[in-house]
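Results of the structural survey
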Amino acid sequence: VTTALPELARASDLTFVASTPAEFTEQIYKAHKAGKKRSFCMRLQEYVAKNTWEHRIAQFEEILGNTPKVSVVILSYGDPELTKTALHSLYDGGAAYPRLEILIVDNGSPSNALEGIKQFATNYPNIKVIENSKNLGFSKGNNIGLEAATGDYVMLLNNDTVVAPGAIYALVRHLERNPSIGVVGPLTNNIGNEAKLFVDYEDMEQMKNVARQATTGYRGMFVPINVAAYFAVMFRRADLNTFGLLAEEYGRGMFEDDDHCAMIKSKGYICALAEDAYVHHHHSATFSKLKDGEKEALFESNKKKFEKKWGTWQPHKYREVRPLSSLASVVS
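First, a word on scope: everything that follows refers to the structure included in this document.

Definitions and limits used
- Residues numbered from 1 in each chain as written.
- Predicted model: local features only at pLDDT ≥ 70, side-chain atom pairs only at ≥ 80, totals over all residues.
- Heavy atoms only, no water.
- 1 Å grid on protein atoms, 1.4 Å probe; cavity = no way out; pocket = protein on both sides within 12 Å on 5 of 7 lines; lining within 4 Å.
- Points joined across faces, edges and corners; volume = space filled by probe spheres on them.
- Helix = DSSP H or I, 4+ residues; strand = E, 2+ residues; numbered from the N terminus.
- Nonpolar A, V, L, I, M, F, W, Y, C, P; charged D, E, K, R; others polar.
- Pairing = 2+ DSSP bridges.
- Right-handed = clockwise from strand over helix to strand, strands pointing away.
- Core = buried A, V, L, I, M, F, W, Y, C linked by side-chain atoms within 4.5 Å.
- Buried < 20%, exposed > 50% of the residue type's maximum accessible area, 1.4 Å probe, protein only.
- Contact = heavy atoms within 4.5 Å.
- Expected span 1.5 Å × (residues − 1).
- Axes fitted to C-alpha atoms, helices over the stretch in contact; angles between N-to-C directions.
- Parallel < 35°, antiparallel > 145°, perpendicular 65-115°, else oblique.
- Left-handed = near helix turned anticlockwise from the far one by under 90°.
- Salt bridge = Lys/Arg side-chain N within 4 Å of Asp/Glu carboxyl O.

A word on the layout of surface pockets. For the largest pocket, the calculated volume is near 1,200 Å³. Lining the largest pocket we find 37 residues, and of these Glu7, Tyr169, Arg173, Arg177 and Arg219 sit closest to its centre. When contributions to the lining of the largest pocket are tallied by element, the ones reaching two or more residues are helix 3 (53–65), helix 7 (167–177), helix 8 (204–215) and strand 9 (270–281). Top contributing element to the lining of the largest pocket by residue count: helix 7, with six residues. Looking at the lining of the largest pocket, its residues break down into 19 nonpolar, eight polar and ten charged.

Let us now look at the pairing of strand 3 (residues 127–132). Strand residues, when the strand is regular, have side chains that alternate between the two faces of the sheet. Bridging between strand 2 (residues 100–107) and strand 3 involves six bridges; their strand directions are parallel. Pairing of Asn107 across the sheet is with Asn132, part of strand 3. One crossover worth recording links strand 2 to the parallel strand 3 by way of helix 5 (residues 111–121), and it is right-handed.

The next thing to look at is empty space enclosed by the protein. By the definition in use, this model includes two cavities of 30 Å³ or more. One number sums up the size of the largest cavity: a volume of about 50 Å³. For the largest cavity, the full set of lining residues is Gly185, Pro186, Ala195, Ile225, Ala228, Ala229, Phe231, Ala232, Ala272 and Leu273. Of all elements in the fold, only strand 6 (181–187) and strand 9 reach the threshold of two or more residues within the lining of the largest cavity. In terms of residue class, the lining of the largest cavity is built from nine nonpolar, one polar and no charged.

Take the nonpolar core next. One finds Ile168, Tyr230 and Met234 to be the most contacted residues of the largest nonpolar core, which totals 73 residues. If you tally residues by element for this core, the top one is strand 9, at seven residues. Setting aside its immediate chain neighbours within four residues, Ile168 contacts Val70, Leu90, Ala96, Tyr97, Leu100, Met155, Val163 and Met234. Formed by eight residues, the second largest nonpolar core is a distinct cluster that contains Ala247, Tyr250, Leu298 and Trp313.

Turning next to helix 6 (residues 137–148). The end-to-end C-alpha distance of helix 6 is 17 Å, a good match for the 16 Å that twelve residues give at a rise of 1.5 Å each. Of all twelve residues making up helix 6, nine are buried, and the element is well covered by its neighbours. Those residues of helix 6 that sit buried are Gly137, Phe138, Ser139, Gly141, Asn142, Asn143, Ile144, Gly145 and Leu146.

Another aspect to go through is the environment of Leu146. If you trace the backbone, Leu146 turns up in helix 6. The spacing of Leu146 and Leu156 is ten residues in sequence and 8.3 Å in space, taken between C-alpha atoms. The residues contacting Leu146, other than those within four sequence positions of it, are Val73, Val154, Leu156, Leu240, Leu245 and Leu246.

Moving on to the packing of helix 4 (residues 80–89) against helix 5. At a closest axis distance of 9 Å, the pairing of helix 4 and helix 5 adopts a crossing angle of 15°. If you check the angle between helix 4 and helix 5, you find them roughly parallel. Where helix 4 crosses over helix 5, the handedness of that crossing is right-handed. Side by side, helix 4 and helix 5 meet where Pro80, Thr83, Lys84, Leu87 and His88 of the first sit next to Ala113, Gly116, Ile117, Phe120 and Ala121 of the second. Classifying every residue of the contact of helix 4 with helix 5 gives six nonpolar, three polar and one charged.

This part is about the pattern of salt bridges. One pass over the structure, following the stated rule, counts 18 salt bridges. Between Lys140 and Glu248 there is a salt bridge, with the nearest N and O atoms lying 4.0 Å from each other. Remark: Glu248 occurs in the loop between helix 9 (240–243) and helix 10 (256–266) and Lys140 occurs in helix 6; sequence separation between them is 108 residues. The residue Arg252 makes a salt bridge to Glu294 at a minimum N-O spacing of 2.9 Å. Here Glu294 lies in helix 11 (residues 292–310) and Arg252 lies in the loop between helix 9 and helix 10, a separation of 42 residues in the sequence. In the salt-bridge network here, residues are joined through shared partners; they are Asp92, Glu205 and Lys208.

Structure, rendered in structure tokens:
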């Protein structure tokens, strides 16, 4: 007798699913009755014989051997400690994903900062540092990483982030199982659209617990959104041939994610928010260094560029209600 766990879907004819105390009571009686039937017991024994730990180990090895490769592009500029923290989160307690390729694209950081990043990167495998001689802006810097990526899937990841355990797996699963998705992003603590969760934690260890709680019961769930926030997003690398790289006319940044999502949707794909992935975001570490007047001028200038291409810009907004998890009825 069990709740509706996704792992048990393949044994639906042998399990008794319940979601309320009354249903559990009823299903226990049904299970007890079924257990007295020889035919049912034989089916149980057959299932157990085919699902030993030896079988599981063989399945794990097969899955790990066929795991698609993920390229993570981290754009770096200035503060090396941010990049180091983001990089560490991908290998904290072991690699966050079995087949990772990390591409750190440095947008003209001072030499001492760049050397610090390069030295820190030697602690981890499969990392390449791409050095730009100057700050090429958000789009151009990321495009250099996208062009160098060799993975089946490509993740753009700001350096002011910390990736929670399981997030990369979840994003890959959405793209594997939903061909209509062109770009998918995670939930986060700090962003200006539907991806924001109003959560609190004091450090990154607490963040992991909050992320686990926030995503439990949401495996495989996503919602379409107008614009994915490009602090952390993933694509199929092959799809980039269809909708192209990031538009580079936005300079240092702002509106490049709106532009790219508009292009993705124009090609018939959807932009998705993964309800089962979480990435902590310090938020706009680079833009926070700009003066208010400079930031506003950049916003207005890039907004005009966007609207010339795609029409009236729709401001980002938070969502009022999050979908219920698969465990909601159990909790209630």
